[in-house]
Amino acid sequence: MIEVKNLHKSFNGIEVLKGITTSFEKGKTNLIIGQSGSGKTVFLKCLLGLFNYEEGSIAYEGRIFSQLSEDQKRNLRAEIGMVFQGSALFDSLTIAQNVMFPLKMFTKMSQSEMEDRADLVLKRVNLPDAHKKMPSEASGGMQKRVAIARAIVNKPKYLFCDEPNSGLDPKTAIVIDNLIQEITEEYQITTVINSHDMNSVMEIGEKIVFLKDGLKAWEGSKETIFRTDNESVTNFVYSSNLFKKVRKMYIEENE
Amino acid sequence: MTYLQNIGTYFMMIGEMFRKPTRWSVMKTLILKDIDDLIVSSLGIIAFISFFVGGVITIQTALNIDNPLIPKYLIGFATRQSVILEFAPTFTSIIMAGKVGSFITSSIGTMRVTEQIDALEVMGINSLNYLVFPKTIALTLYPFAIAIGMFLGILGGMVACSIGGYATVDDYILGIQTDFDSFHVFYAFVKTFVFAMVLATVPAYYGYYMKGGALEVGKASTSSFVWTSVVIILLNYILTDMMLS
Ligand SMILES: Nc1ncnc2c1ncn2[C@@H]1O[C@H](COP(=O)(O)OP(=O)(O)OP(=O)(O)O)[C@@H](O)[C@H]1O
Ligand SMILES: [Mg+2]
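First, a word on scope: everything that follows refers to the structure included in this document. Given the structure is predicted, the values throughout are model-derived calculations rather than measurements.

## Thoughts on the overall build of chain A
Of regular secondary structure, chain A possesses 9 helices and 10 strands. With the C-alpha coordinates of chain A rotated into their principal frame, the extents come out at 55 × 40 × 30 Å. Going through the 255 residues of chain A one by one, you find that 53% of them count as buried. Restricting the contact set of chain A to residue pairs at least 6 apart, pairs at least 24 apart contribute 65%. For chain A, the exposed area adds up to about 11700 Å²; of that, 47% sits on carbon and sulfur atoms. Positive and negative charge centroids in chain A, built from 33 and 34 side chains respectively, lie 2 Å apart.

So, in structure tokens, the structure goes:
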């Protein structure tokens, strides 16, 4: 469980996050949605401690990040997995070495134990025989899956994904979404995903936080997002005709 | 003002580099890889340049000594002095600012723009220690490469001398032994070591703190080369003034 209270963040005097309060539950896929520039990435990077913020607090299971000592921060970070927007695989390492990297850094596992664990998670993301490839030899979708494998290899308690399926074809995107959701449930991880993809919202949005201009404009789930009258949400969601139709069908179906 | 800020950030980077060290088992492989990338792979070009520039220095000196009263062994003496004092430490380092420096800037810069550095930080790894420290350690071997350059420069002079018939090999060898001052060698290696540290850290600074995308990586490599050279030239002046005059 991650609790965020009154988070403020500005760059050069311009406020990007204007006081966000919300919480993300364990074992659930939490989505942060909003238009480009609404502050999703900045919010996620604050959660990760990559950005300092002026005001507010972020608590991981009650541990307030800004009050932790350097050692405690390091321990907390070993519990975090992150999938970056561009995968951010280490391009001098093979796929298997990328996946084993967190184990090498933070555990006392032997080489063969690490290899076994990497095998396991690479199978989990449907990449059973890509070990020896370099990241540059893998497709975008494969890279995303390797990034997910690397993020979960050390059994994180928290998983963050910045637009995990942007730039992927719809089918691969859904495979990745479902993969993240399954992993979240299976290992009881607190997962936070940035997205502006309505497909993902409908597939895996167990909790949805809608950001607009640095404020939380709405909060709900994939069940409630089609019922809300909140104007900024409907503007965002129904910018595509397809979803107007989906909404109609959805409401009829559930009436 | 921004210059002062940059210099401040640079020294903070150096301090940060030693905090929270990476596991030795991992660091060891990083250092070995950087020795290979930065030192071993530069030996060829250092050897090539040193040998031929040594030859050229010899020819130039020989052609400029047309007074029959000046003894021939001075050719060897002049070559030795130029190669050891200036050519091998300074001139080679400027070339390395282009080769090693732009390699360091572009590899770290690429990691910055592709969020690989963020990925390290998120995992709780001190990315400066992980990226810059092994390069700094690898470059402590740089004086060995320069020693090879010195040797080959003087050897190149000897070969040029005997091919061109400017002096006998015996004269040349006599020349390189004349008035040998070991302090000069010490001075040359102090310089080399300082330049090695500049070669590791200034380009790393330009890569690590860059912003933007692929285009900016290229620009960062260029400014890294310019500033690394400027710093080397300035330090060369300061060290020479301090140690020799
Ligand atoms: N490092 C930074 N320095 C200054 N301003 C920044 C920085 N990072 C983000 N911003 C600003 O913060 C605002 C929010 O950006 P952010 O990247 O969080 O948007 P986003 O919601 O992730 O958009 P997208 O969906 O396009 O990724 C933008 O106006 C951006 O210009
Ligand atoms: Mg973003």
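## What to know about the packing of aromatic side chains
For the structure on display, the rule yields 18 aromatic pairs over all chains. Centre to centre, the rings of F51 of chain B and F52 of chain B are 5.5 Å apart; their planes meet at 80°, and the pair counts as edge-to-face. Taking 5.0 Å as the distance between ring centres and 75° as the angle between the ring planes, the aromatic pair formed by Y208 of chain B and Y209 of chain B counts as edge-to-face. Each member of the aromatic cluster is reached from another via a ring pair, and the members are Y10, F11, Y205, Y206, Y208 and Y209 of chain B. We note K9 of chain A situated over the ring of F51 of chain A; from NZ or CZ to the ring centre the distance is 5.2 Å. Cation over ring: R150 of chain A sits above F90 of chain A, and NZ or CZ is 4.7 Å from the ring centre.

## Section: the nonpolar core
Nonpolar side chains tend to gather and get buried jointly when the protein is soluble and globular. Ranked by internal contacts, the top residues of the largest apolar core, which has 90 residues, are I2, F43, L47, Y60 and F160 of chain A together with L139 of chain B. Viewed by domain, this core spans two of them, domain 1 (2-79 + 158-253) and domain 2 (92-155) of chain A, each represented by three or more residues. The contacts of L139 of chain B, once residues within four sequence positions are left out, are L38, I39, V100, I104, A196, M197, L199 and A200 of chain B. Of all hydrophobic cores here, the second largest spans 49 residues; its members include I33, M100, I176 and I189 of chain A.

## Comments concerning the site of ligand 1
Residues and elements named next belong to chain A. Around ligand 1, the surrounding shell consists of F11, V16, Q35, S36, G37, S38, G39, K40, T41, V42, E163 and H196. With respect to ligand 1, the backbone of G39 contributes an N or O atom lying 3.1 Å from an oxygen atom. Examining the composition of the shell around ligand 1, we find that 3 residues originate from one element, helix α1 (residues 40-47), more than from any other. Along the lines of polarity and charge, the residues of the shell around ligand 1 split into 3 nonpolar, 7 polar and 2 charged.

## A short note on the sheet that holds strand β4 (residues 55-60) of chain A
Residues and elements named next belong to chain A. With antiparallel pairing, 4 strands are arranged side by side in an open sheet as β2-β1-β4-β5. Two strands lie at the open edges of the sheet, namely β2 (14-24) and β5 (63-64), each paired on one side alone. Where strand β1 (residues 2-11) meets β2, 8 bridges bridge the pair, whose relative direction is antiparallel. Among the inter-strand pairings, K9 is bridged to a residue of β2, identified as L17.

## A few points about the interface of chain A and chain B
Each partner contributes to the interface: chain A provides 25 residues, whereas chain B provides 19 residues. Buried area between chain A and chain B, summed over both chains or domains, comes out near 1900 Å², and the portion from carbon and sulfur atoms is 62%. Three residues, R77, F90 and M105 of chain A, lead the burial of chain A against chain B; their summed loss comes to 28% of the area buried on that side. Inspection of the region where chain A meets chain B yields 2 salt bridges. Across the salt bridge formed by E115 of chain B and K45 of chain A, the nearest N and O atoms sit 3.5 Å from each other. Here chain A is connected to chain B by 7 residue pairs in polar contact (both at pLDDT 80 or more). Within the residue set of the side of chain A that touches chain B, elements represented by two or more residues are α2 (70-77), β6 (80-83) and α3 (95-106) of chain A.

## Here we look at the pattern of salt bridges
What the rule picks out here adds up to 15 salt bridges over all chains. For E79 of chain A, the salt bridge identified is with K157 of chain A, shortest N-O distance 3.6 Å. Residue E79 of chain A is located in the loop between α2 and β6, and its partner K157 of chain A is located in the loop between α5 (140-152) and β7 (158-162); the two are separated by 78 residues in the primary sequence. E79 of chain A gets classed as buried once you look at its relative accessible area, which sits at 16%. Assessed through its relative accessible area of 45%, K157 of chain A is described here as partly exposed. Salt-bridge contacts for E16 of chain B lead to R19 of chain B; the nearest nitrogen and oxygen are separated by 2.8 Å. Overall, E16 of chain B belongs to the partly exposed group, its relative accessible area being 29%. Residue class for R19 of chain B comes out partly exposed when judged on its relative accessible area of 38%. In the salt-bridge network here, residues are joined through shared partners; they are K45 of chain A together with R112, E115 and D118 of chain B.

Calculation rules
- Residue positions are given per chain, counted from 1 along the sequence in the order it is written.
- The lettering of chains begins at A and the numbering of ligands begins at 1, in the order of writing.
- Restriction of local features to residues with pLDDT of at least 70 applies here, the model being predicted, together with a cutoff of 80 or more for giving and counting side-chain atom pairs; totals for whole chains, interfaces and linings are based on all residues.
- For the side-chain quantities, the full set of heavy atoms in the structure was used; hydrogens and water were omitted.
- Where helices and strands are cited, they refer to DSSP runs of H or I of at least four residues and of E of at least two residues respectively, numbered from the N terminus.
- In this scheme, a residue with accessible area under 20% of its type's maximum is buried, one over 50% is exposed, and one in between is partly exposed, where area comes from a 1.4 Å probe on protein chains only.
- For this analysis, residues touch if any pair of their heavy atoms sits within 4.5 Å.
- Note on areas: Shrake-Rupley with a 1.4 Å probe; residue coverage comes only from the protein chains shown.
- Neither His nor the chain ends contribute to the count of charged residues, in which Lys and Arg are positive and Asp and Glu negative.
- We put the charge of a Lys on NZ, of an Arg on CZ, of an Asp on CG and of a Glu on CD.
- A pair of aromatic rings is counted whenever rings of Phe, Tyr or Trp (Trp by its six-membered ring) have centres within 6.5 Å, and the orientation is called stacked for planes under 30 degrees apart, edge-to-face for over 60 and tilted otherwise.
- Lysine NZ or arginine CZ positioned within 6 Å of the ring centre and within 35 degrees of the ring normal marks a charge as sitting over the ring.
- The definition of a nonpolar core used throughout is a set of buried Ala, Val, Leu, Ile, Met, Phe, Trp, Tyr and Cys residues joined through side-chain atoms within 4.5 Å.
- How far each domain reaches was decided by an automatic or database domain assignment.
- Nearness is defined per residue: one heavy atom within 4 Å of the molecule or strand is enough.
- Here a polar contact is taken to be a pair of N or O atoms separated by no more than 3.5 Å, where protein atoms must pair a possible hydrogen donor with a possible acceptor and residues adjacent in sequence count only if both atoms sit in side chains.
- Classification used: nonpolar for Ala, Val, Leu, Ile, Met, Phe, Trp, Tyr, Cys and Pro, charged for Asp, Glu, Lys and Arg, polar for all others including Gly.
- Here, a strand pair is defined by DSSP locating no fewer than two bridges between the strands.
- Each of two parts loses accessible area, computed with a 1.4 Å probe, when they are put together; buried area is these two losses added.
- What counts as a salt bridge is simple: a side-chain nitrogen of Lys or Arg found within 4 Å of a carboxyl oxygen of Asp or Glu.

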